[in-house]
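# Per-entry structural report
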Amino acid sequence: MPAARRRRRHGQDQRLALTANRPIKKRTGNMGRDDKGNVGFIGVGTMGLEMVRNLLKAGHTVSAFDLNEAAVADMVKEGASRARTPADAAQRADVVITMLPDTPHVEATVYGENGLLKSPPPGKLIVDMSTISPVAVRRIHADLQKVGVSFIDAPVSGGPLGAKNAALSIMAGGEADAFAKAEPFFRAMGTTITHAGDSGAGQTVKLCNQLICGINIQAICEALALGRASGVDLDLLRRVLLGGSAASWMLDKLGPSMIAGDTGAGFRIDLMLKDLRLVQEHAQALNVPLPGTALITSQYVDARAHGEGSNGNQALFRVYDRMTNQVTG
């Protein structure tokens, strides 16, 4: 064998030997990627309902609780079991997931008489997928940590359509080992799953997301108002914008409804206002001025003042209808 070939062969053998001696990395947490678990799910609203469905489809067992008993009854028909209290939902759970409207609802679920602090799940893991205050998240995390329970803040983006299609973007804050335990459950509900950092980091990322979404909707409303006043075909305008640097998820998914004058709720104006309030509270605590967020918040307040809080957040176009004396649809 030629000397050059012998040297190449020797090098290959050395690399194979090093690979053979290299330790194999094992997944952390109690569950493998394909394992199934028991989930206590609290909050079966527009988003939670679809998330429960996808957990069931993935083979997980779900015990569901909501004050709306009709929503729970629908999930029972699809294979979930009914929980009578948050503590009941946690009774046999590897993980408890909460998906609730606002910070006080999550606090009541944790600290209440039949709450999770007094009756934690056997799996010692609670995941909140609501959008709430990062300050409250860190307080809940510290209190649960005292009783040996891990807490992950994991808010989502993608709206009802993302929830239905198990295509949510999930941004999580908390310890790495707790995130690893939660990840198999996240895989049933989302496609983009990110460990954002320590406790509260998930909520901070989500608030940044909501800030951008609100300002993006406002920009679309202004473009449509200007285009309409100029006599441009709005469907054509949208198609052109989607082909250039102004393209966005909001323009793609919500643009048709805004052009048609459809105020139907996916993500309600009331909830958008709640998120923008959280953005401003967090920013003010850190002395970060957000003038764009302040403006869009005042416009959503205008919408709610006109009785439009239950409309979808794309219905901000009604504010521009009033300002420009235009009628959509």
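Here the focus is the confidence of the model for the protein. For the protein, the average pLDDT comes to 90, and 89% of its residues sit at 70 or higher. Predicted confidence for residues 4–33 stays below pLDDT 50, and this span has 17 contacts to residues more than four positions away or in other chains.

Taking 1.5 Å per residue as the helical rise, helix α13 (residues 269–285) with its 17 residues ought to reach 24 Å, and the 24 Å between its terminal C-alpha atoms agrees with that figure. α13 sits mainly inside the fold: 12 of its 17 residues count as buried. Every buried residue belonging to α13 is among Ile269, Leu271, Met272, Leu273, Lys274, Asp275, Leu276, Leu278, Val279, Gln280, His282 and Ala283, and all of these are buried. Buried residues along α13 sit in contact with α5 (103–111), α6 (134–146), α9 (201–229) and α14 (291–305). A positive phi of about 60 degrees marks Asn287, the residue just after α13.

Right, let's talk about helix α15 (residues 317–324) for a bit. Among all positions in α15, only Phe317, Val319, Tyr320 and Asp321 are buried. Packing partners of the buried residues in α15 comprise α9, α12 (255–260) and α14.

What follows is about the pattern of salt bridges. This structure, assessed with the given rule, holds 14 salt bridges. Lys146 is the salt-bridge partner of Asp143, the closest N and O atoms lying 3.7 Å from each other. You can see Asp143 and its partner Lys146 sitting in helix α6, 3 residues apart, about one turn around the helix. Residue classification places Lys146 among the exposed positions, given a relative accessible area of 68%. Between Arg322 and Glu308 there is a salt bridge whose closest N-O contact spans 2.8 Å. One end of the pair, Arg322, is in helix α15; the other, Glu308, is in the loop between α14 and α15, and 14 residues separate them in sequence. Arg322 gets classed as partly exposed once you look at its relative accessible area, which sits at 33%. A relative accessible area of 10% places Glu308 in the buried class. A single salt-bridge network, built from bridges that share partners, covers Glu50, Arg53 and Glu78.

The rules behind the values
- Think of each chain on its own: its residues are numbered from 1, step by step along the sequence as written.
- Where local features are concerned, this predicted model is filtered to residues with pLDDT of at least 70; where side-chain atom pairs are given and counted, the filter is 80 or more; whole-chain, interface and lining totals use all residues.
- Each side-chain value is worked out from all heavy atoms of the structure, with water and hydrogens disregarded.
- Residue-level confidence of the predictor, termed pLDDT, takes values from 0 up to 100.
- The contact criterion used throughout is that any non-hydrogen atoms of two residues lie within 4.5 Å.
- The helix and strand labels rest on DSSP assignments: H or I over at least four residues marks a helix, E over at least two residues marks a strand, and numbering proceeds from the N terminus.
- To estimate the expected span of a helix, count its residues, drop one, and scale the result by 1.5 Å.
- Burial classification: accessible surface area is computed with a 1.4 Å probe over protein chains only, and a residue below 20% of its type maximum counts as buried, one above 50% as exposed, and the rest as partly exposed.
- We define a salt bridge as a side-chain nitrogen of Lys or Arg found within 4 Å of a carboxyl oxygen belonging to Asp or Glu.

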